[in-house]
Amino acid sequence: MIPSLNSIISRLHVKQLRLLIALDEHGSLLGAAKQVALTQPGASKALQEIETTFGSQLFVRTNRGLEPNDAGRSVIRYARLIQTDLAHLREEIIGIMSGEGGRVSVGTIMGAVPLLTSAISKVIADNPKMSVEIVEETSAALLTQLDAGRLDLAICRTTISNTPYLYETAAFAEETLAVIASTQHPFAFARCLTLEDLVDYRWVVYRANMPMRLLLEREFHEAGLRFPVHLLETTSAFATLSLLQKNPTFVALVSTDVADFCSGHGFTVTLPLLITSRSEPYELVSRKGAPDSPAARLLREALLNPDCP
């Protein structure tokens, strides 16, 4: 029987987590013991205590040494996460005590990446010791990470959640859409296009039921056209760009901000196709009742007030 969470918390020590990570790296009790400054008997005893704490054997002995089983690999993975979180905590405290720097973890959907990177560049220019983690994902995935405390802020939409009341939100930017393609696309220099002109080309789009995908489906429906069947689905901006570069006949639906960035740097062209539908505004989202860290507060201000010096 697996012990309760309170039991695990009360019995587990940070040095034990370090031992687990060392065991994973060395594959032997002796090597791990040396890394964490324990004797081999001390490390053996600590491992027994860890397995008792979790109520499960975590390693098996083989002719190659100690190897983690499925439960052991799970515990090691979370041990690494906790070690990383402690490193981030230390970094944030240093920033707070020095009056500068700090750390913020922020998530974003693909369409808002240019807005976010502009805000980050602005904040970093005034706070060069600040560290930022950026996670690009779907709204659903970002909200999950926000719930778990892995993110301080997220630029996404809470309308996809069954519990939107759990979040503090601020709508701060409208999203308009554009179609981009390789600079070698047959329509790269066209002056005017309709959806019918592109219906037989391969589209790079978001997954089904995602807001941007639904808008494109609506555009096809209102134009009286069958929605393309053979799609390339991704939420990655880099994957989208790579696909367009590899096959000049592909087209992709992205936010106007992403289209402007990619076309402005010569990666793609924005096709002269008017997308009339608009998606919901971007929201800056945080957990309700969770105070911003100093670094998160600076980034929030830069996102909500981009024109302020």
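What comes next concerns the included structure. (Residues numbered from 1 in each chain as written. Predicted model: local features only at pLDDT ≥ 70, side-chain atom pairs only at ≥ 80, totals over all residues. Heavy atoms only, no water.)

**Regarding unusual backbone geometry**
Its identity is not glycine, yet Ala 37 carries a phi of approximately 60°, on the positive side. Its place among the elements puts Ala 37 in the loop between α3 (29–35) and α4 (40–54). Note on Ala 37: relative accessible area 63%, which makes it exposed. (Helix = DSSP H or I, 4+ residues; strand = E, 2+ residues; numbered from the N terminus. Buried < 20%, exposed > 50% of the residue type's maximum accessible area, 1.4 Å probe, protein only.)

**Section: the packing of helix α6 (residues 113–126) against helix α12 (residues 294–304)**
Viewed as axis vectors pointing N to C, α6 and α12 meet at an angle of 125°, and their least axial separation amounts to 9 Å. In terms of orientation, α6 and α12 fall into the oblique class. Note that α6 runs across α12; the crossing there is right-handed. Contact residues: α6 offers Leu 115, Leu 116, Ala 119, Ile 120, Lys 122 and Val 123, while α12 offers Leu 298, Leu 299, Ala 302 and Leu 303. Tallied by class, residues from the contact of α6 with α12 come to nine nonpolar, no polar and one charged. (Axes fitted to C-alpha atoms, helices over the stretch in contact; angles between N-to-C directions. Parallel < 35°, antiparallel > 145°, perpendicular 65-115°, else oblique. Left-handed = near helix turned anticlockwise from the far one by under 90°. Contact = heavy atoms within 4.5 Å. Nonpolar A, V, L, I, M, F, W, Y, C, P; charged D, E, K, R; others polar.)

**As for the pairing of strand β12 (residues 279–287)**
Bridge count for strand β5 (residues 153–156) against β12 is three bridges, and the pairing is antiparallel. Among the inter-strand pairings, Ile 155 is bridged to a residue of β12, identified as Leu 284. Sheet analysis places strand β6 (residues 167–175) next to β12, joined by seven bridges and oriented antiparallel. Looking across to β12, one finds that Thr 169 is bridged to Val 285. (Pairing = 2+ DSSP bridges.)

**Here's the deal with the packing of aromatic side chains**
Each aromatic ring pair is summarised here by two numbers: the centre-to-centre distance and the angle between the ring planes. Going through the model one piece at a time under the given rule, you end up with four aromatic pairs. Three or more aromatic residues joined by ring pairs form one cluster here, namely Trp 203, Phe 220 and Phe 227. (Phe/Tyr/Trp six-rings, centres within 6.5 Å; stacked < 30°, edge-to-face > 60°.)

In short, geometric facts, not functional conclusions.
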